[in-house]
Amino acid sequence: MKCYLCGKGLTDKNSSSEHIIPNAFGGKLTARILCKDCNSDLGSSFDSCLTKSLEWFSCKVNHSRSRGSVQPVKVNIDGMGVFALPRGDYDGIKVEKIQDNHYRIHALGKNAQAKAKSKAKEIILKSGKKYNWAEGKVNEKLEKINSNIENNIKQIEHPLVNFTIQFGGKDVLLSVMKTAINFAIMKNVPLNYLNDAIKTLKENNDDFKSFVNSFYPENIFPENSIYHTLLLKGDPQVGILYCLLSFYGVFNAIVLFSSCYNGEHILHSYCYDIWNEKEVPFIANPYLTLEEIAEALSVSDVSWQNNITGIEQACSKFLNFFVLEKNFKDTLVELVFNQINQIAYFYPFLPKETFLNCLEQAIIERKSVVLKNKILKDKDINNILRGNNSDLFYNQYLSQKSMVEVLNLSTRIVSDKLFTSEKDNLLVSECFIRYLSQYVEQYYKNIPLYSGMRKFLEDEKSIISFLEMSAYPILKNYILS
């Protein structure tokens, strides 16, 4: 295979795996389609501009990369320049000199108080040295300023964050075109349909305006998480070959490869859930006409306004993704324990690791419905379940499963005794508990639930209450009929 830009034959020495979606965006899809020199040139020019345009979104998602890590981004909060950190926090400090020996300190972030105290100490020690203050006076001022800082800490519930984004410009759009070309070549699209776009990318000329532009069609890209999406379509009936792209669900674009396509019908899609860092199934078959594509690539007022509206809506969806309901934590706890109960009732007995896998999948499947969002990453769920709480969750499961098995045994006892001389004993609590104890010894002696079931049976009040709510109402109908 040859490098599609310079034509040089690709070998293990002169090539490397090219990220179809840039590594800076957490892209994991790779292919060996460019030589190292061409890959490096494009990465340092076009890709760096696109990366800069979307750096705040990368920081907000805080995804992993094959190389390097997401870096802090400069933003402005309430007129103060700070850094947005990949962990979701902010970091910044600002000192205003009001007059001699009178300063106002602004600090932001989880460590704001400590940073403010450190800066105040620095200022006071400097002033003490300048004016030859006694040690007692310095300590007095330090104590007073620390008290003032502690009493004036404020919680900003919804800080107004200002950041800069650029969804246009030659280098940005050429980087988008490169991604589309890479995906098409990876999917074995014949080069004769891609040569015009490749030539424009290679020569870095202004013809790119005929091939690529921001584009925000409705109901094409998936929602309910944050995705990188690629859609490649070749339609010989209409005669068009194009690629639709979406990064973070925010920057959407179209690349037209050919308006006289006469090859085979092509439909390829790729969808990467960048929030949960995994590829997900995605099926979409966009139907765009030549007229719609021409309008998307034009510089008309209508096209411009559509893009502005699309960007605003996409950014709004992105930001709304991070809005939590007030009772999120309580709802999460309720979801976890509800699923534990469901597994205990509807699954056979599960070993610990199998149970945790089952619980993890159940929470992942239900979190968007119950929690009303997907802010909780799949890997966060994994960490929660397999951290220090794993024994707690499994013990809860064993306890609930023990109760379920006792109920199952109750049904079996009724089935065994209902048409015997012991029928009337079924409504006597002491007798029924004795039957349960005998059955537990007979059928559960050598399995992990045994100790939990024995413990449950030892609590006479609980087991009687349990029987009165579950078994007895059903028993009475059978026995008295």
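For the structure itself, look to the data block above.
Described below are features of the structure shown in this document. (Residues numbered from 1 in each chain as written. Predicted model: local features only at pLDDT ≥ 70, side-chain atom pairs only at ≥ 80, totals over all residues. Heavy atoms only, no water.)

1. A look at the packing of helix 12 (residues 390–417) against helix 14 (residues 450–458)
Stage number 1. The geometry of helix 12 relative to helix 14 is characterised by a closest axis approach of 9 Å and an angle of 75 degrees between their N-to-C directions. By the angle between their axes, helix 12 is roughly perpendicular relative to helix 14. Taking contact as the criterion, the partners of Ser402, Met403, Glu405, Val406 and Leu409 in helix 12 are, on helix 14, Gly452, Met453 and Phe456. (Axes fitted to C-alpha atoms, helices over the stretch in contact; angles between N-to-C directions. Helix = DSSP H or I, 4+ residues; strand = E, 2+ residues; numbered from the N terminus. Parallel < 35°, antiparallel > 145°, perpendicular 65-115°, else oblique. Contact = heavy atoms within 4.5 Å.)

2. Quick word on helix 14
Stage number 1. Among all positions of helix 14, only Tyr450, Met453, Arg454, Phe456 and Leu457 are buried. Viewed along the axis of helix 14, the buried residues span an arc of 160 degrees, placing them on a single side of the element. Opposite its buried face, helix 14 presents the exposed residues Ser451, Lys455 and Glu458, each directed more than 90 degrees away. (Buried < 20%, exposed > 50% of the residue type's maximum accessible area, 1.4 Å probe, protein only. Arc of directions from axis to C-beta.)

3. Observations regarding the pairing of strand 6 (residues 102–108)
Stage number 1. Of the pairings in the sheet, the one linking strand 5 (residues 90–99) to strand 6 comprises 7 bridges and is antiparallel in character. The residue bridging Gly92 from the neighbouring strand is Leu108, located in strand 6.
Stage number 2. Here strand 5 hands over to strand 6 after 2 residues, with Asn101 in that stretch at a positive phi of 65 degrees. (Pairing = 2+ DSSP bridges.)

4. Here we look at the sheet that holds strand 13 (residues 278–279)
Stage number 1. With respect to topology, 6 strands assemble into an open sheet ordered 8-11-10-9-12-13, the strand pairing being antiparallel. A strand with exactly one partner marks an edge of an open sheet, and here the two such strands are strand 8 (212–214) and strand 13.
Stage number 2. The pairing of strand 8 with strand 11 (residues 251–258) spans 3 bridges and is antiparallel. Paired with Val212 across the strands is Val255, a residue of strand 11.
Stage number 3. Running over the sheet, helix 5 (residues 170–186) touches strand 8, strand 9 (227–235), strand 10 (240–247), strand 11 and strand 12 (266–273) and is turned about 60 degrees from strand 11.

5. A closer look at the pairing of strand 9
Stage number 1. Among the 9 residues that make up strand 9, 9 are buried, leaving the element largely enclosed by the rest of the structure.
Stage number 2. Of the two faces of strand 9, both are covered, the one formed by Tyr227, Thr229, Leu231, Lys233 and Asp235 as well as the one formed by His228, Leu230, Leu232 and Gly234.
Stage number 3. Pairing analysis gives 8 bridges linking strand 9 to strand 12, with the strands arranged antiparallel. The residue bridging His228 from the neighbouring strand is Tyr272, located in strand 12.
Stage number 4. The turn joining strand 9 and strand 10, which pair antiparallel and follow one another in sequence, is formed by 4 residues; a positive phi near 85 degrees is taken by Gly239.

6. With respect to the layout of surface pockets
Stage number 1. Roughly 660 Å³ of internal volume is contained in the second largest pocket.
Stage number 2. Along the wall of the second largest pocket there are 27 residues; nearest its centre are Glu223, Gly249, Gln313, Ala314 and Lys317.
Stage number 3. Sorting the residues of the lining of the second largest pocket by element identifies strand 9 and helix 8 (301–320) as the ones contributing at least two each.
Stage number 4. Of all the elements, helix 8 adds the most residues to the lining of the second largest pocket, at 8 residues.
Stage number 5. Looking at the lining of the second largest pocket residue by residue, the classes come out as 12 nonpolar, 12 polar and 3 charged. (1 Å grid on protein atoms, 1.4 Å probe; cavity = no way out; pocket = protein on both sides within 12 Å on 5 of 7 lines; lining within 4 Å. Points joined across faces, edges and corners; volume = space filled by probe spheres on them. Nonpolar A, V, L, I, M, F, W, Y, C, P; charged D, E, K, R; others polar.)

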